[in-house]
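Structure assessment
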Amino acid sequence: ISVQDGLAADFRVLTKTLYDLSKALGSNVVRGSPLKELVIENFDEEQIWQQLELQNNAVLDFFKKSIARDASDEDLCLFSDPEENSSSAEAGSDRELEEDIMEVETKEKDVYTKDKTKAKEKKSKPKENKLQKYSDEDSDVDFDIEELEQQTKIAKETTLKKIQKRSVVDDKFFKLAEMEAFLEDVEKEDVGKEEEEEDIDYFEDILSDDDDDEEEELENTDLKPVKSSRDLTYKDFFDPVDDHDGSVTSTVEDGQEEDEDNITGNEHEESMSEAEEVDEIPTENIGSKEASKKVTFTLPDDSEIEDSIIMQSGKSIDHSEIKSSFEKRQEKMSAKIRNLEEELLEEKPWQLKGEVSGQKRPENSLLEETLLFDHAVRMAPVITEETTLQLEDIIKQRILDEAWDDVVPKEKPKEEAFEYKKRITLDHEKSKLSLAEIYEQEYLKLNQQKTEEEENPEHKEIQEMMDSLFLKLDALCNFHFIPKPPVPEVKIVSNLPAVSMEEVAPVAFSDAALLAPEEIKEKNKAGDVKTDAEKTPTDKKRERRKKKLRKRMKLREKERRQKLLEKMKPEQGTKLSKKAAAAKLKKLAKEGKASLLKDEGKDKVLKSSQAFFSQLQDQVKMQIKDATQQKKKQQKERNISVQKLKL
Amino acid sequence: APRQGGGETRRVPVPANRYTPLKENWMKIFTPVVEHLQLQIRFNLKTRNVEIKTCQETKDIGALTKAADFVKAFVLGFQVEDALALIRLDDLFLESFEVTDVKPLKGDHLSRAIGRIAGKGGKTKFTIENVTRTRIVLADTKIHILGSFQNIKMARTAICNLILGNPPSKVYGNIRAVASRAAERF
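Residues numbered from 1 in each chain as written. Chains lettered and ligands numbered in written order. Predicted model: local features only at pLDDT ≥ 70, side-chain atom pairs only at ≥ 80, totals over all residues. Heavy atoms only, no water.

Attention now moves to the overall build of chain A. Helices and strands together make up the secondary structure of chain A, namely 24 helices and zero strands. Of all 647 residues assigned to chain A, the portion counted as buried reaches 27%. Counting only contacts in chain A whose residues sit at least 6 apart along the sequence, the fraction spanning at least 24 positions is 71%. Split by element, the accessible area of chain A, about 48,600 Å² in all, is 55% carbon and sulfur. (Helix = DSSP H or I, 4+ residues; strand = E, 2+ residues; numbered from the N terminus. Buried < 20%, exposed > 50% of the residue type's maximum accessible area, 1.4 Å probe, protein only. Contact = heavy atoms within 4.5 Å. Areas by Shrake-Rupley, 256 points an atom, 1.4 Å probe, with all protein chains shown as cover.)

Before going further, it helps to spend a moment on the overall build of chain B. When helices and strands are counted, chain B shows nine helices and six strands. Burial analysis of chain B (186 residues in total) assigns 44% to the buried set. Taking all contacts inside chain B whose residues are at least 6 apart in sequence as the whole, residues at least 24 apart take part in 58%. When the accessible area of chain B is evaluated, it comes to approximately 10,000 Å², of which 52% is carbon and sulfur surface.

Moving on: a positive patch on the surface. A contiguous patch of positive charge, built from Lys541, Arg544, Arg545, Lys546, Lys547, Lys548, Arg550, Lys551, Arg552, Lys554 and Arg556 of chain A, is present on the exposed surface. In this fold, Lys541 of chain A is placed in helix 21 (residues 537-568). (Patch = residues over 30% accessible without salt bridge, like charges linked within 9 Å, V, L, I, M, F, W, Y side chains within 5 Å. Salt bridge = Lys/Arg side-chain N within 4 Å of Asp/Glu carboxyl O. Lys, Arg positive; Asp, Glu negative; His and termini not counted. Charge placed at Lys NZ, Arg CZ, Asp CG, Glu CD.)

Here the focus is the pattern of salt bridges. The full count for this structure, using the stated rule, is 21 salt bridges over all chains. In this structure, the salt-bridge partner of Asp539 of chain A is Lys530 of chain A, at a minimum N-O distance of 3.1 Å. Put simply, Glu129 of chain B and Arg135 of chain B hold a salt bridge, and the shortest N to O gap is 3.8 Å. The exposure class of Glu129 of chain B is buried, given its relative accessible area of 4%. Relative accessible area serves as the criterion here: at 5%, Arg135 of chain B is assigned to the buried category. A network of salt bridges, in which partner residues are shared, links Asp82, Lys125, Glu129 and Arg135 of chain B.

To continue, consider the packing of aromatic side chains. The tally for this structure, following the rule as stated, stands at four aromatic pairs over all chains. Arranged with centres 5.2 Å apart and planes meeting at 70°, the rings of Phe612 of chain A and Phe613 of chain A form a pair that is edge-to-face. Taking the ring centre of Tyr19 of chain B as reference, the NZ or CZ of Arg48 of chain B above it sits at 4.2 Å. (Phe/Tyr/Trp six-rings, centres within 6.5 Å; stacked < 30°, edge-to-face > 60°. Lys NZ or Arg CZ within 6 Å of the ring centre and 35° of its normal.)

Further remarks concern the interface of chain A and chain B. The interface of chain A with chain B comprises 18 residues on the first partner and 25 residues on the second. Its salt-bridge partner being Glu440 of chain A, residue Arg88 of chain B comes within 2.9 Å of it at the nearest N-O pair. Here chain A and chain B share ten residue pairs in polar contact (both at pLDDT 80 or more) between them. Only helix 16 (417-422) and helix 17 (435-477) of chain A provide two or more residues apiece to the side of chain A that touches chain B. In terms of residue count, helix 17 of chain A provides more of the side of chain A that touches chain B than any other element does, six residues in total. For the side of chain A that touches chain B, the per-class residue count stands at eight nonpolar, three polar and seven charged. (Polar contact = N/O pair within 3.5 Å; in protein donor to acceptor, adjacent residues only side chain to side chain. Nonpolar A, V, L, I, M, F, W, Y, C, P; charged D, E, K, R; others polar.)

Before going further, it helps to spend a moment on the sheet that holds strand 1 (residues 9-13) of chain B. Residues and elements named next belong to chain B. In space, the three strands of this open sheet follow the order 1-3-2, with antiparallel pairing throughout. Only two strands of the sheet have a single neighbouring strand rather than two, namely strand 1 and strand 2 (39-44). Averaged over all pairs of adjacent strands, the angle between their axes in this sheet comes to 20°, without regard to strand direction. Bridge count between strand 2 and strand 3 (residues 49-54): six bridges; the pairing is antiparallel. In the sheet register, Ile41 faces strand 3, and the bridge partner there is Ile52. Contacts between helix 3 (residues 63-76) and the sheet are confined to strand 1, strand 2 and strand 3, with strand 1 contributing the most and set at about 5° to the helix. (Pairing = 2+ DSSP bridges. Axes fitted to C-alpha atoms, helices over the stretch in contact; angles between N-to-C directions.)

Our next topic: the nonpolar core. Counting residues in each nonpolar core, the largest one holds 33 residues, and the members touching the most others are Ile29, Leu39, Val50, Ile52, Phe70 and Val71 of chain B. Only helix 17 of chain A together with helix 1 (19-24), helix 2 (26-35), strand 2, strand 3, helix 3 and helix 4 (80-88) of chain B provide two or more residues apiece to this core. There are two domains that each give this core at least three residues, and those are domain 1 (9-88) and domain 2 (92-184) of chain B. Among residues more than four places away in sequence, those in contact with Phe70 of chain B are Lys28, Ile29, Pro32, Val33, Val80, Ala83, Leu84, Leu86 and Ile87 of chain B. Core analysis: the second largest hydrophobic core is formed by 23 residues, Ala113, Ile145, Cys160 and Ile175 of chain B among them. (Core = buried A, V, L, I, M, F, W, Y, C linked by side-chain atoms within 4.5 Å. Domains from an automatic or database assignment.)

This part takes up the environment of Lys23 of chain A. Its place among the elements puts Lys23 of chain A in helix 1 (residues 5-26). Between the C-alpha atom of Lys23 of chain A and that of Pro34 of chain A, which follows or precedes it by eleven residues, the distance is 9.8 Å.

Residue and element names in this part refer to chain A. Taken together, the side chains of Glu341, Glu342, Glu343 and Glu346 make up a negatively charged region of the molecular surface. Here Glu342 lies in helix 13 (residues 325-345). On the basis of relative accessibility, which here comes to 48%, the residue Glu342 falls in the partly exposed class.

With respect to the helices, strands and loops of the structure, Lys535 of chain A is situated in the loop between helix 20 (517-520) and helix 21. For Lys535 of chain A, the residues in contact, after removing those within four places along its chain, are Lys530, Lys540 and Glu543 of chain A.

Let's shift gears to the confidence of the model for chain B. Per-residue confidence for chain B gives a mean pLDDT of 90, with 96% of residues at or over 70. Under the prediction, the complex receives an ipTM of 0.80, its pTM being 0.34. (pLDDT = per-residue confidence, 0-100.)

Here we take up unusual backbone geometry. Residue and element names in this part refer to chain A. Unlike most non-glycine residues, Asn42 shows phi in positive territory, near 60°. Relative to the assigned elements, Asn42 resides in the loop between helix 1 and helix 2 (45-72). Although it is not a glycine, Glu402 adopts a positive phi angle of roughly 60°. Here Glu402 lies in the loop between helix 15 (385-401) and helix 16.

Residue and element names in this part refer to chain B. Here helix 3 crosses helix 4 at 160°, and the two axes come no closer than 8 Å. As judged from the angle between their axes, helix 3 and helix 4 are roughly antiparallel. The chirality of how helix 3 crosses helix 4 is right-handed. Contacts from Lys66, Asp69, Phe70, Ala73 and Phe74 of helix 3 reach helix 4 at Val80, Ala83, Leu84, Leu86 and Ile87. (Parallel < 35°, antiparallel > 145°, perpendicular 65-115°, else oblique. Left-handed = near helix turned anticlockwise from the far one by under 90°.)

The next point concerns the packing of helix 7 (residues 123-132) of chain B against helix 9 (residues 168-185) of chain B. Residues and elements named next belong to chain B. Relative to each other, helix 7 and helix 9 sit at 5°, their axes nearing to 10 Å. For the element pair helix 7 / helix 9, the angle class is roughly parallel. Judged by residue contacts, Lys123, Thr124, Thr127, Ile128 and Val131 of helix 7 engage Pro168, Tyr172, Ile175, Arg176 and Ala179 from helix 9.

We now examine the sheet that holds strand 4 (residues 92-98) of chain B. Residue and element names in this part refer to chain B. Read from one edge to the other, the open sheet built from three strands follows the order 4-6-5, with strand pairing classed as antiparallel. If you trace the sheet from one side to the other, it starts and ends with strand 4 and strand 5 (135-139), each paired once. Between one strand and the next, the sheet's axes are offset by a mean angle of 15°, whatever the strand orientation. Bridging between strand 5 and strand 6 (residues 142-148) involves five bridges; their strand directions are antiparallel. Its bridge partner lying in strand 6, Arg135 is registered against Leu146. Contacts from helix 8 (residues 149-164) reach strand 4, strand 5 and strand 6 within the one sheet, and its direction differs from that of strand 6 by about 150°.

In this section: the confidence of the model for chain A. All names here are of chain A. In this model, chain A carries an average pLDDT of 70, and 56% of its residues clear a pLDDT of 70 or more. Taken as a whole, residues 209-223 scores under 50 in pLDDT and shows 40 contacts with residues more than four places along the chain or in a different chain. Contacts of residues 243-303 to residues separated by more than four positions or lying in other chains number 142 contacts, the stretch itself having pLDDT below 50.

Next up, the structure:
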């Protein structure tokens, strides 16, 4: 960085002229330094600065006093609230202003000594001792500023006249400086007086101030009542289009300089405020800012005044008891808890009560509820004009196509026994093909069937089409009439004797007439029926075996039935059972009414009934003989047991 | 997949009565095993075993089982062409049972039963084979059936009926009915 000599010289001349001018014009009101003009020839920058400092210090003192006086002056008050501490507040606010200005200046020095020439027009004293303090904190808070910058756009430059310097962040709606000022106030409320004092300590030394700003401070003219949030209009938010442009007085350069100063200068305040910020504060700030904004935006010209007023209004909140942030939070929490408890203790609304019948809820309350329920039955289709038209279209189309939904009578496929058996022929020879080949053939057959079915219909179609085409072509190219080829007629040949066909009277004939006897009734497995003479011994034996089998089955059936009967109805069952008979016989034998015959195997008598009865006859004859001879009945009749006789 | 680890082997013992048929049909046996299944096969003269082994060219590990079954079928008495079906088709099985498993028969009854199964000139056996599409080997009291699962069942039922004493005509009727029903399904 090097001094640009040409520019430097120009600046010095400019500074001198300004200084002289100000001295000439404003010497009555403001008593500045004893120097009547700024001497620049052969003077160092340092020396020029010192001259300016002299002037500015004096002026600053004057302005301080005047501000204090004006603040205490009740005629100038803009707010209806009584401001008891307004003077102190003002003093504080003044100090703050001066602090800001100081910061700004120091920052300026920082910035511009680097970039531009040291001879600076407006800002005066460097404060190197303060620089270090601010610079440290600046770096910490840098990002905040940048965020803010990004969020807000530089819509228009705010006027120089504001006490709070314009920042890059400011736009029509938002003034960073104002916000910070307010934050400062609220912070003081919360933090406590010690910190307030600490704050104040930092900014003890008051630096030079802008002449313009101090003058504008005095212009407390117009007052506007505070608007409620419901009465907001466009005017409140946005400056009227033309007015604002006119208010910009300073040169662009200056504005830019100031913006940058503001940014850097306000960083410190922000850091202070944000560090101890409670969540509630920003909302409050915004709210109060808005309230204050009502005042600002409607009167862009008087914006410079409002800042001081903001200070005053901000200070008024201090009157209420100062509660710590924790206390406030606790209060809110307890309020919430109280609300919830009340809610819980109250009776629940009917919607939450489970099963609610009609009596328990207000009338027609369900109509207001949206209900979900399942439909058990499918809803009937809604008949609209469209549906009827669709149906009619379908019906018309069907009629044209003649696609009736007639019922097709089902036919039971009757399988004749003969044909059924014909299907599998028995081959008694050893098969010529090996097993593998058999399976192979089967597999091929299976696959071929599929392909055959696919081809055939297409072939048929093609054949038909070709036939018809050739027919037409032939008819066209030949002059002679060629009749159509005879279509094979389907002739029904019935396997009936001519007699029955020719007969007029309807004769009911059955299948029997058409089929062979074997096809009607199966042949006897045993072959032809034989007489006893024709039967071979195997046949006879076979018959006997069959007979015995039949008997066996019958007997088994009977026994089974008996058992079942016994189980189901015990009394009935026991009447005819074997066990019962045996028991009875025993009883009789005991009693002596019946006697059992023992089978010794000698007698032929017990083997057949014929033998038995013939013997009996002989016996009787003998007896009669005896009886006639002796009339003795020596022989007792033998008891015949049922068991012994094999009947 | 190539063989993993050591090569696997199977051994099929050959009874003396099958030794000569094995020698005669050796070409027909080892060709499909080596060419189609990519296995190594040899007949160990000392132990009288046919040994089959996998090698590096073997692609399918199931081939070893197939080859072993093929050789076993031949050894049991089936023809080479019939046994070959085992290699070509996956779902063929081999079932063996004894006549005395069905019904305890002794002496003449046993012989008669076997005679019933065989029929005159092998007629009955061939009929069963043709109708059920199986192959049957009747070795004294042992019966071996080769075919697919359903067919084996049909043949087995028929043979059991014969053992139990049913006349062949009856058995024909039954198997015909069953076979036609089975064929209908497909």
